[in-house]
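# Observations on the three-dimensional arrangement
Residue-level listing of the chains:
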There are 2 protein chains.
Amino acid sequence: MAFVVTPWEVSGEIDYKRLVKEFGTQELDAKLLKRLEKHTGELHHLIRRKVFFSHRDLDWFLKEYEKGNKGFLYTGRGPSGKTHLGHMIPWILTKWLAEKLKLKLYFQMTDDEKFLFKEGLSLEEATNYALENALDIIALGFTPEQLRIIIDTKMSGVMYPEAIKIAKRLTFSTTKAVFGFDNSTNVGSIFYTCMQAVPAFLPSIAAKKKLPCLIPLAIDQDPHFRVTRDIIQKVGYPKPAILHARFLPGLQSAEGKMSTTDGDPDTQVIWTTDDPKTVKKKINKYAFSGGKDTVEEHRKKGGNPDIDVAYQYLTFFEEDDKKLEQYYKDYKAGKLLSGELKTILIDKLNVCLSNHQKKREAARKNLKKYLATPEEFS
Amino acid sequence: MAFVVTPWEVSGEIDYKRLVKEFGTQELDAKLLKRLEKHTGELHHLIRRKVFFSHRDLDWFLKEYEKGNKGFLYTGRGPSGKTHLGHMIPWILTKWLAEKLKLKLYFQMTDDEKFLFKEGLSLEEATNYALENALDIIALGFTPEQLRIIIDTKMSGVMYPEAIKIAKRLTFSTTKAVFGFDNSTNVGSIFYTCMQAVPAFLPSIAAKKKLPCLIPLAIDQDPHFRVTRDIIQKVGYPKPAILHARFLPGLQSAEGKMSTTDGDPDTQVIWTTDDPKTVKKKINKYAFSGGKDTVEEHRKKGGNPDIDVAYQYLTFFEEDDKKLEQYYKDYKAGKLLSGELKTILIDKLNVCLSNHQKKREAARKNLKKYLATPEEFS
């Protein structure tokens, strides 16, 4: 089946194995995971379950790490709306990596990108979303020392002069081929990828030292670095390493990506600010079920967890492998009904979210401490 | 004859009348000049001699001026090398306008542009040229209050967020058509014109008021504003008015533009830092002469001032109309020899340059006071 994965469009049933081939990345194999585990002491369930499934040069990043050249992490967000659970997945793993590997995280808020690519979104709105979204990343438990949030339009004084160094070596041809741009694309969108390249080497400038960079991201963001990794090296900094995540599916199908672009977002996504009642309603009403049509039939033939959104979400949010395995078996055997599985997920999510929301609101008064300033990099 | 005029290429014998048609500008007519003279008290010789020959919306700018909505002036320089006399022409008139109309001048140094467009030029070099070139504009006699110099890479913190508002409304198609870009153009060059648009409305942002802007420039820069004037209006600021200058010719031909791009620049241009001996040598050796081959023939048939570079330069630098007329007549009549005309020019230029060079060096210690800071605009 046809599918599309670019930074601005994800559609169809995504074949992740084919993406690895098409994008020219490498699968995350057992040997490399073992090597990572040596440093982290354990493997996060998102890695054990292959939510992070592919990489570029993670081996090199670990080699540098082992030599004592510890580098930093970089990820980000295009602030065009509220944060939903799909956005949180790469951030949760990034937080874990930051903690276990004791690395600083640079988090980019691409308000310029969202303004340029989204019809009807003002720059002011995009910047305001950046500040709201920032609360979600802070809520994961960083100190201001560990997390520096780079809002593009607030940091363009240091970023634009670096971005043009990337831009000088990137032709329209290349962006056409990789991003699908054409003659009707606006010139800001064409330039933009150069701004996304900058945080991968900005810390090196400040440190006056070539620091290795690891970028955990959802696979749709890979094209940005596919076109700029070589250029980053040519302008004098290490090629960033990349860790690719697959997508958390939307409520209505276990395939694809949680996204607000098609139809009513409240039938597709769970916001990080949803209250327990809303979460319950959304899961019960919209989450696609792999169960049978009647209880009798379900008891007899069992459900299909592989296409069941509630089960799929549990693979992202239930840390305990044994519990997860039990759910899988019981659901398949018809012992666990679709409604029961949904209730397990609802309870799990509501515990996570209530905890997250408390930290998120607490973050509001400290927000400013996390925002990077041009002075930090000069 | 074929000629090309774009911001990055000027070649051939330029037909200025045809440019007015092709660019869709308007000739500067007697009526409009009279109106300008009402406010300036006199007309600068560069205007009397039609060095400034064309405009866009100067009538509107004067109308606003007459209503008391005084606005500001904006011009600039692409810092890819030292300043030569050709660069100074629009600046000299701009200084005169600033003085007579009591307007502030924003002067943009496009170090980003020159870095992006010029192979082999580093960004650091471009920025250093910007600082050197700044001395030449300051030397014209501005106070720091009257002249604010905007170095793009030093001001991108306030400029980039405004430039993307222009960029969102400008397609690659348009830049292709107007600037001749193609698929092999780098994405920074494609974006750049948006940065050149910003100083036309940045003062309005700071003043929280729609200020009229008048941009005196050499005609090759017109395409930048041809593509962005309408957009500037769409994002909420007045369309800037424009005054177009023709080019000071290079030493070797009275047609075309003084430029360093073809051959040895020292056979083409006079730098603002040239000493009297160098000026003398360059004019005597390289300035194309409209005189006859022998003194006898010249005395008999007379010279042709219209193709004589020395005479043409005097139309730019000799303020006195009567003197100029006399040179024209005497040269044509064969009374004035080519060498004599050159000596008149050499003496004239060396007085101007020695005066300029003193002020230029004096400007060095005050340079910093003239450089705009992001804080001025926030």
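These numbers were taken from a predicted model, which means no experiment stands behind them.

## Brief notes about the relation of the copies chain B and chain A
Note on the copies: chain B fits chain A at an RMSD of 0.0 Å, the axial shift is 0.0 Å, and the rotation between them is 180°. Such a combination of turn and shift is consistent with a two-fold rotation axis. Among all C-alpha atoms of chain B, that of B:Gly157 lies closest to the rotation axis, at 1.7 Å. When you check the interface residues of chain B against chain A, 100% turn up at the interface there too, and the contact is symmetric in its surfaces.

## Considerations on the sheet that holds strand S5 (residues 72–77) of chain B
Residues and elements named next belong to chain B. Judged by pairing direction, the sheet is mixed, and its seven strands sit side by side in the order S3-S4-S9-S8-S5-S6-S7 without closing on themselves. Two strands bound the open sheet, and with one partner strand each, they are strand S3 (26–27) and strand S7 (147–151). This element, helix H8 (residues 152–167), spans strand S6 (105–109) and S7 of the sheet and lies at about 90° to S7.

## Here we look at the interface of chain B and chain A
Across the contact, 34 residues belong to chain B and 34 residues belong to chain A. At the boundary of chain B with chain A, total buried surface from both sides reaches about 2,800 Å², with 68% on carbon and sulfur atoms. Three residues, B:Tyr160, B:Lys168 and B:Val187, lead the burial of chain B against chain A; their summed loss comes to 28% of the area buried on that side. Our count for the contact surface shared by chain B and chain A stands at zero salt bridges. The tally of links from chain B across to chain A stands at 19 residue pairs in polar contact (both at pLDDT 80 or more). Contributions of two or more residues to the side of chain B that touches chain A are made by helix H6 (111–117), H8, helix H9 (172–179) and helix H10 (187–197) of chain B. Ranked by residue count, the leading element in the side of chain B that touches chain A is H8(B), at eight residues. When grouped by side-chain class, the residues that make up the side of chain B that touches chain A number 15 nonpolar, 12 polar and seven charged.

## Re the side chain of B:Thr40
Residue and element names in this part refer to chain B. Mapped onto the elements, Thr40 comes out in helix H2 (residues 30–40). We classify Thr40 as buried; its relative accessible area is 6%. Of the polar contacts made by the side chain of Thr40, one reaches the backbone oxygen of Glu42; its length is 2.5 Å. Leave out the neighbours within four places in its chain, and Thr40 touches Trp96, Lys100 and Leu101.

## A few points about helix H16 (residues 321–333) of chain B
All names here are of chain B. With 13 residues, H16 ought to run about 18 Å at 1.5 Å a step, and its terminal C-alpha atoms sit 18 Å apart, in line with that. Among the residues of H16, those classed as buried are Leu324, Tyr327, Asp330 and Tyr331. Buried residues of H16, viewed axially, fall in a sector of 135°; they line one side. Summarising the contacts, the buried residues of H16 are in contact with helix H14 (295–301), helix H15 (309–317) and helix H17 (338–363). Two or three places before Lys322, at the start of H16, stands the capping residue Asp320, its side-chain oxygen 2.8 Å from that residue's backbone nitrogen.

## Considering the domain arrangement of chain A
All names here are of chain A. What the domain assignment lists for chain A is domain 1 (4–249) and domain 2 (265–361). Computed from C-alpha atoms alone, the centre-to-centre distance between domain 1 and domain 2 is 29 Å. In this assembly, 20 residues from domain 1 lie in contact with 20 residues from domain 2. Summed over both sides, the interface of domain 1 with domain 2 buries roughly 1,900 Å², with 61% coming from carbon and sulfur. Counting every contact that joins domain 1 to domain 2 gives four salt bridges. At the junction of domain 1 with domain 2, the criterion picks out 14 residue pairs in polar contact (both at pLDDT 80 or more). Of all the secondary structure elements, the ones that give two or more residues to the side of domain 1 that touches domain 2 are helix H3 (45–48), helix H5 (85–101) and helix H7 (123–138).

## Focus: the pairing of strand S4 (residues 52–56) of chain B
All names here are of chain B. Summarising burial for S4: five of the five residues are buried, a large majority. For S3 and S4, the ladder comprises two bridges, and the chain directions are antiparallel. Counterpart to Glu27 in the pairing with S4 is Ser54. Inspection of the sheet shows S4 paired to strand S9 (residues 241–245) by four bridges, in the antiparallel sense. Within S9, the position partnered with Ser54 by the bridge is His244.

## Thoughts on the sheet that holds strand S7 (residues 147–151) of chain A
All names here are of chain A. Ordered in space as S3-S4-S9-S8-S5-S6-S7, the seven strands form an open sheet in which the pairing is mixed. Edge positions in the open sheet fall to strand S3 (26–27) and S7, since each of these has one partner strand only. On the sheet, H5 packs against strand S4 (52–56), strand S5 (72–77), strand S6 (105–109), strand S8 (213–218) and strand S9 (241–245) and is oriented at approximately 165° with respect to S5.

## Topic: the packing of helix H8 (residues 152–167) of chain A against helix H10 (residues 187–197) of chain A
Residues and elements named next belong to chain A. Packing of H8 against H10 leaves a shortest axis separation of 8 Å and a crossing angle of 105°. As the angle between them shows, H8 and H10 are arranged roughly perpendicular. Two secondary-structure elements touch here, H8 through Asp152, Ser156, Met159, Tyr160, Ala163, Ile164, Ile166 and Ala167 and H10 through Phe191, Tyr192, Cys194, Met195 and Ala197. Broken down by class, the residue content of the contact of H8 with H10 amounts to 11 nonpolar, one polar and one charged.

## Some details on the pairing of S5(B)
Residue and element names in this part refer to chain B. The element S5 is largely enclosed, with a buried count of five among its six residues. The pairing of S5 with strand S8 (residues 213–218) spans two bridges and is parallel. Opposite Leu73, over in S8, you have Leu214 as the bridge partner. Sheet topology note: the S5/S6 ladder contains five bridges and is parallel. In the sheet register, Gly76 faces S6, and the bridge partner there is Gln108. Note that the unit made of S5, helix H5 (residues 85–101) and S6 has a crossover that is right-handed.

## Considerations on the packing of aromatic side chains
What describes a pair of aromatic rings is the distance from one ring centre to the other and the angle between the planes of the rings. By the definition in use, this model includes 37 aromatic pairs over all chains. Ring geometry for A:Trp91 versus A:Phe107: centroids 5.0 Å apart, planes at 90°, classification edge-to-face. Of the two residues, A:Trp91 sits in helix H5 while A:Phe107 sits in strand S6, which places them 16 residues apart along the sequence. Judged on exposure class, the residue A:Trp91 and its partner A:Phe107 are both buried. One cation-aromatic arrangement involves B:Arg226 over B:Phe23; the distance from NZ or CZ to the ring centre is 4.2 Å.

## Observations concerning the state of the cysteines
Under the counting rule described, the total for this entry stands at zero disulfides over all chains. Residue B:Cys194 stays outside any disulfide, its sulfur separated by 13 Å from that of A:Cys194, the closest cysteine. On the basis of relative accessibility, which here comes to 0%, the residue B:Cys194 falls in the buried class.

## Describing the nonpolar core
Counting residues in each nonpolar core, the largest one holds 84 residues, and the members touching the most others are A:Phe191 and B:Phe191. For B:Phe191, the contacting residues outside a window of four places in its chain are A:Tyr160, A:Val187, A:Gly188, A:Phe191, B:Tyr160, B:Ala163, B:Ile164 and B:Ala167.

## Brief notes about the pattern of salt bridges
Residue and element names in this part refer to chain A. One pass over the full model with this rule turns up 56 salt bridges over all chains. Ionic pairing is found between Asp274 and Lys282, a salt bridge with its closest N-O pair at 2.6 Å. Take Asp274 and Lys282: they sit in the same class, and that class is buried.

Conventions and cut-offs
Residues numbered from 1 in each chain as written. Chains lettered and ligands numbered in written order. Predicted model: local features only at pLDDT ≥ 70, side-chain atom pairs only at ≥ 80, totals over all residues. Heavy atoms only, no water. Least-squares fit on C-alpha atoms with pLDDT ≥ 70 in both. Contact = heavy atoms within 4.5 Å. Pairing = 2+ DSSP bridges. Helix = DSSP H or I, 4+ residues; strand = E, 2+ residues; numbered from the N terminus. Axes fitted to C-alpha atoms, helices over the stretch in contact; angles between N-to-C directions. Buried area = accessible area lost by both parts, 1.4 Å probe. Salt bridge = Lys/Arg side-chain N within 4 Å of Asp/Glu carboxyl O. Polar contact = N/O pair within 3.5 Å; in protein donor to acceptor, adjacent residues only side chain to side chain. Nonpolar A, V, L, I, M, F, W, Y, C, P; charged D, E, K, R; others polar. Buried < 20%, exposed > 50% of the residue type's maximum accessible area, 1.4 Å probe, protein only. Expected span 1.5 Å × (residues − 1). Arc of directions from axis to C-beta. Domains from an automatic or database assignment. Parallel < 35°, antiparallel > 145°, perpendicular 65-115°, else oblique. Right-handed = clockwise from strand over helix to strand, strands pointing away. Phe/Tyr/Trp six-rings, centres within 6.5 Å; stacked < 30°, edge-to-face > 60°. Lys NZ or Arg CZ within 6 Å of the ring centre and 35° of its normal. Disulfide = S-S within 2.5 Å. Core = buried A, V, L, I, M, F, W, Y, C linked by side-chain atoms within 4.5 Å.

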